[in-house]
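Here are the chains, one letter per residue:
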Amino acid sequence: MALGWQMEHVLYQSGLHELPALPKVVKFDGVLVVLSLRTILGQAAQELVEFHDADLLYQKDLDPDAVISRAQDVLDGLLQHFTDAMQGGTPVFLLSFIEPPATSSGLFTPRQRGGIYQLVHALNNHLAARLSQNPSSYYLEINDLLRAEGDRGIYDGYDFCFAHAGLLSGRDEHPLPGRILQRLDQMLSVLDAEQPVKLIITDLDNTLWKGVLAEEEEIVPGDHTEGWPIGYAEALIECKRRGIVLAICSKNEEALTRANFDKVWYGRIRWEDFAVTRVNWQPKSQNVREILQAVNVLPEHTVFIDDNPLEIAEVTRAFPQMRTLTGDPHTWRAELLYGVPYQVPRLSAESQQRTEAIQAKVQRDSHLASGDREGYLRELGLAVEILTLDLQSPQFARALELLNKTNQFNTTGQRWTMAEIGAFVAEGGQLYALRARDRMTEHGLVGLALLQGNRLRQLVLSCRVFGLGLEDTLLQHLCRLGDQGQTLRADWVDTGRNATARQFLEQHFLPQEDVWQLRGAPGWPEHIAVLR
């Protein structure tokens, strides 16, 4: 597979006695690490049986849990070596270990306790869990790729010992290495936040179920959901778990449609899983516009899914930047589950609560539009906490996600790699994050400021908390740091999509060509308390 990459290979023995020697002069987009299972098991055996017997360790008369535990300890030590070597900069991808066939212990005793499959499977689970705690390291699964390509022609466990778990030499023509690099390329694209999807708007009839329910005399759930609709619903729920907001746009009678929805799905996917619903006889482009305004997401970060090509054409004409799915519904599940724009590097608490946060925003907007804005803000019970983050902070992954996905309230629009953030911090940069909650919902981490000396390099705020005064709160906090009330400056870059950020800067800064000068520190909004 030709990806046009410049690559450098460094041999590492996967031993606790050896520190990884990584080149210092070349700037890498990523580092791919392949640890040797055989070496890890050998180091575990050295302690357990006082002999470097990696290949048959799992067949010794040992407690299987003790073998797994010691191998995990060795793995932890190796991971610490790479964490120290990379210093939180360049993203590191660690390949999963190849899992032997579960039947390696016999046709009648697959997956037996103490077998090699259980040992390797446990190590992979441990590896994935450990990497999820490190903001700059990622688990790269290859066992599904191996199965898809057919492992008989490349996996050496059929010809040698199962513990070796390597790839046969001299098989350069096998597609697996190329598939691994292709997956790595996809993961790097996700980290670079190349046009991520933040909102999925779906039709209902012949989209979330088969047929037109309003025309049915009797609703038989299995008749309408069996087959591809179940897979489509499964994919939508997974996207919601990743923090992608779901919305419904359907030409129907709302009350009847809501009742039919519950009859068809009976809780497998719920009406409440959708943050915004528009079920009426308006043109779909008008409903889509209202949904975008309610959720505060740009068209280019939205996917519209409908079975009717005429509806697709109408919405696309109104929003040419918007992506769409139509045609064969059997393809939708794979696109939503595995397509690059739908992936997230980390699952944060904020992403999993995003639907509830958007629903609370819609309710807030309704109250604010009804009249007494100040009174409502006082009753909202808004409280904030401002945190100082480093690259190892538990909230850092969410902060980087917010930084690289925010468009509208973003003072420069800059996207950051892990290496660039690492360099920013090494040069004295500080990350200040704002966490908020109110009586309706826990918003989580919704604001981020990058401060270097007296220069505000970037300020971002989640679109779902616009208009609550949180941006004033964060700026006021920054002005108090080092008595910067009169000297703070802010970078500004017009991206064509960040007019909201410009309006905020114009309230508090004197416009200049690139770096704006603070007029004066804003006051702390009276309706916002401090979280203790």
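Residues numbered from 1 in each chain as written. Predicted model: local features only at pLDDT ≥ 70, side-chain atom pairs only at ≥ 80, totals over all residues. Heavy atoms only, no water.

Grouped together as the largest cluster of nonpolar side chains are 48 residues, with contacts concentrated most on Leu-35, Ile-40, Leu-41, Leu-75, Leu-94, Phe-97 and Leu-127. For this core, the secondary-structure elements that each account for two or more residues are β1 (31–33), α1 (37–48), α2 (64–86), β2 (92–95), α3 (116–131), β3 (137–140), α4 (143–149) and α5 (176–191). With eight residues, the single largest contributor to this core is α2. Core analysis: the next-biggest nonpolar cluster, separate from the first, contains 33 residues, Tyr-376, Leu-377, Leu-456 and Leu-461 among them. (Core = buried A, V, L, I, M, F, W, Y, C linked by side-chain atoms within 4.5 Å. Buried < 20%, exposed > 50% of the residue type's maximum accessible area, 1.4 Å probe, protein only. Helix = DSSP H or I, 4+ residues; strand = E, 2+ residues; numbered from the N terminus.)

To continue, consider the packing of helix α9 (residues 284–295) against helix α10 (residues 309–318). Contact pair α9 / α10: the axes reach a minimum separation of 8 Å and the direction vectors enclose 50°. On the basis of their axis angle, the class for α9 and α10 is oblique. Handedness of the α9/α10 crossing: right-handed. Contact residues: α9 offers Lys-284, Ser-285, Val-288 and Arg-289, while α10 offers Glu-311, Glu-314, Val-315 and Ala-318. (Axes fitted to C-alpha atoms, helices over the stretch in contact; angles between N-to-C directions. Parallel < 35°, antiparallel > 145°, perpendicular 65-115°, else oblique. Left-handed = near helix turned anticlockwise from the far one by under 90°. Contact = heavy atoms within 4.5 Å.)

A word on the sheet that holds strand β5 (residues 245–251). On the basis of which strands lie adjacent, the open sheet formed by five strands has the order β6-β5-β4-β7-β8 and parallel pairing. Bordering the open sheet on either side are β6 (276–280) and β8 (323–325), each of which pairs with just one other strand. Within this sheet the neighbouring strands show an average axis-to-axis angle of 20°, counted without direction. Across four bridges, the pairing between strand β4 (residues 199–202) and β5 is parallel. Opposite Leu-199, over in β5, you have Val-245 as the bridge partner. Strand contacts of α9: β4, β5, β6 and β7 (302–305), with the helix running at about 155° to β5, the strand carrying the most contacts. (Pairing = 2+ DSSP bridges.)

This next bit is on the side chain of Asp-306. Within the secondary structure, Asp-306 is located in the loop between β7 and α10. Look at Asp-306 and you get buried, because its relative accessible area is 0%. A polar side-chain atom of Asp-306 sits 2.5 Å from a polar atom in the side chain of Lys-284. If we ignore the near neighbours within four places in the chain, the residues touching Asp-306 are Asp-203, Thr-207, Lys-284, Glu-311, Ile-312, Leu-325 and Thr-326. (Polar contact = N/O pair within 3.5 Å; in protein donor to acceptor, adjacent residues only side chain to side chain.)

The subject of this paragraph is the pairing of β3. Judged by which residues are buried, β3 turns out to be covered on both faces: Ser-137 and Tyr-139 on one side and Tyr-138 and Leu-140 on the other are all buried. As defined by bridge partners, β2 adjoins β3 across four bridges and the pair is classed as parallel. When the bridges of β3 are listed, Leu-95 appears paired with Leu-140. Regarding the hand of the β-α-β motif, the stretch spanning β2, α3 and β3 is right-handed. (Right-handed = clockwise from strand over helix to strand, strands pointing away.)

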